[in-house]
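# Commentary on secondary and tertiary structure
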Amino acid sequence: MIIGFIAVVGLIIGLVSLGIININPIQIATYFTITICICIALYFCYLLLFAGLNQTEKKQIIICFILLITAALFWSAFEQKPTSFNLFAQDFTDRQFFGFEIPAVWFQSINPLFIIIFAPIIAWLWVKLRKQNRDPSYITKFIIALLLTAGGFLVMSIAIASYLITQNGGTVSALWIASSLLLLTLGELCLSPVGLSTMTKLAPTIIRGQVMGLWFTASALGNLMAGLIGGHVSINEVDQLPLLFVRCVIALLLGALVLWLMKKSIRKLLNQTSTPSQKSLDIQLEKV
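Residues numbered from 1 in each chain as written. Predicted model: local features only at pLDDT ≥ 70, side-chain atom pairs only at ≥ 80, totals over all residues. Heavy atoms only, no water.

## Overview of the overall build of the chain
As a reminder, the rule being used: Segments assigned H or I by DSSP are reported as helices when at least four residues long, segments assigned E as strands when at least two residues long, and all are numbered from the N terminus. Using a 1.4 Å probe on the protein chains alone, a residue whose accessible area is under 20% of its type maximum counts as buried, one over 50% counts as exposed, and one in between counts as partly exposed. Contact between two residues is taken to exist if any of their heavy atoms lie within 4.5 Å; hydrogens are not considered. To measure how exposed things are, a 1.4 Å probe is used in the Shrake-Rupley method; for residues, cover is taken only from the protein chains shown.
Counting secondary structure elements, the chain contains 11 helices and 2 strands. The secondary structure elements of the chain, listed N-terminal to C-terminal, are α-α-α-α-β-β-α-α-α-α-α-α-α. When the 288 residues of the chain are sorted by exposure, 37% land in the buried category. A separation of at least 24 residues holds for 81% of the contacts in the chain among residues at least 6 apart in sequence. When the accessible surface of the chain is split by element, carbon and sulfur atoms take 69% of a total near 16000 Å².

This is the structure:
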């Protein structure tokens, strides 16, 4: 069966390379995005209607769905780095550094570099705040992540707008994109490490593994959406970039607002679903 599948894939690749079959990557990404969205919605409907869950568990599933959509929204903005951000770095950023022209692709390494630098700092900060009983809740960290990412896109909006206003054929400072990527990285550090833990606490025990698996579909969905949002922008359509970035800011702010409005309900459910062992672990961590 595996050999047959490989043969079919090889045949398709060969037909594509010969030009016999034409593939539109945008259409494929669109179909995948729609398919994933439908599958996620149908599966959550199944869990609500046919999984035999009680009312509290159904509320938990609804909140899991909201957090999954929020995560997909975050990743759809965050993964603009290889698309619209890369275009900005390539054509509109001053990449000269003491006579050396920095390759545009090197800007993709800024995010991993910032993670290495700031991950220990953020971890230390959470531990310190926890000892002082001031550690933000999981949902607050989600909101902070969305706000930081919105701030990163606002920086990019200002950068490209300043370029369009001057219209002198020059470029803007690389500090613009570096500052934006710093905000995006800090947002990632607030959302990504705690997202799976939050879903684990919220998900009913009987379907916890399935909900954890659904969490990772948020990343896949976000990546597909990022390609559809920013992948079509070209150097000849640079005037569309400010509008694109502003739309991302608005979407992220709306996501943060929805989570803020639901914050109390989500925290209440998180406390209700904590097992004695989890509560014991939380008390032990507070003493560390």
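## Quick notes on the UniProt feature "transmembrane region" (unreviewed entry) in the chain
The condition is simple: UniProt positions are given in the numbering used here, feature names are shortened, and annotations may be inferred rather than shown by experiment.
Per the UniProt record, "transmembrane region" (unreviewed entry) is annotated on residues 28-49, 61-78, 105-127, 139-165, 171-191, 212-235 and 241-262. Helix makes up 100% of residues 61-78 and strand 0%, whereas the separation of the span's terminal C-alpha atoms amounts to 25 Å. In residues 139-165, the share of helix is 100% and the share of strand is 0%. The end C-alpha atoms are 39 Å apart.

## Section: the packing of helix H3 (residues 55-78) against helix H9 (residues 241-261)
Counted only if it meets this: Here an angle of 0 to 180 degrees is reported between the N-to-C directions of two axes, which are lines fitted to C-alpha atoms, with helices fitted over the stretch in contact. For classification purposes, angles smaller than 35 degrees are called roughly parallel, those larger than 145 roughly antiparallel, those between 65 and 115 roughly perpendicular, and all remaining angles oblique. For a crossing to be left-handed, the near helix must be turned anticlockwise from the far one by less than a right angle; the clockwise case is right-handed. Note on residue classes: Ala, Val, Leu, Ile, Met, Phe, Trp, Tyr, Cys and Pro are nonpolar, Asp, Glu, Lys and Arg are charged, and everything else, Gly too, is polar.
With their axes 10 Å apart at the nearest point, H3 and H9 run at an angle of 155° to one another. The angle between H3 and H9 places the two elements in the roughly antiparallel class. In this structure, H3 crosses over H9, and the sense of that crossing is left-handed. Mapping the contact onto sequence places Ile66, Leu67, Thr70, Leu73, Phe74 and Ala77 in H3 and Ala251, Leu252, Gly255 and Leu259 in H9. Split into classes, the residues belonging to the contact of H3 with H9 amount to 8 nonpolar, 2 polar and no charged.

## Re the pattern of salt bridges
The test is simple: Salt bridges, as used here, are contacts in which a Lys or Arg side-chain nitrogen is within 4 Å of a carboxyl oxygen on Asp or Glu.
The tally for this structure, following the rule as stated, stands at 2 salt bridges. Among the ionic pairs, Arg130 bridges to Asp135, the shortest N-O distance being 3.6 Å.

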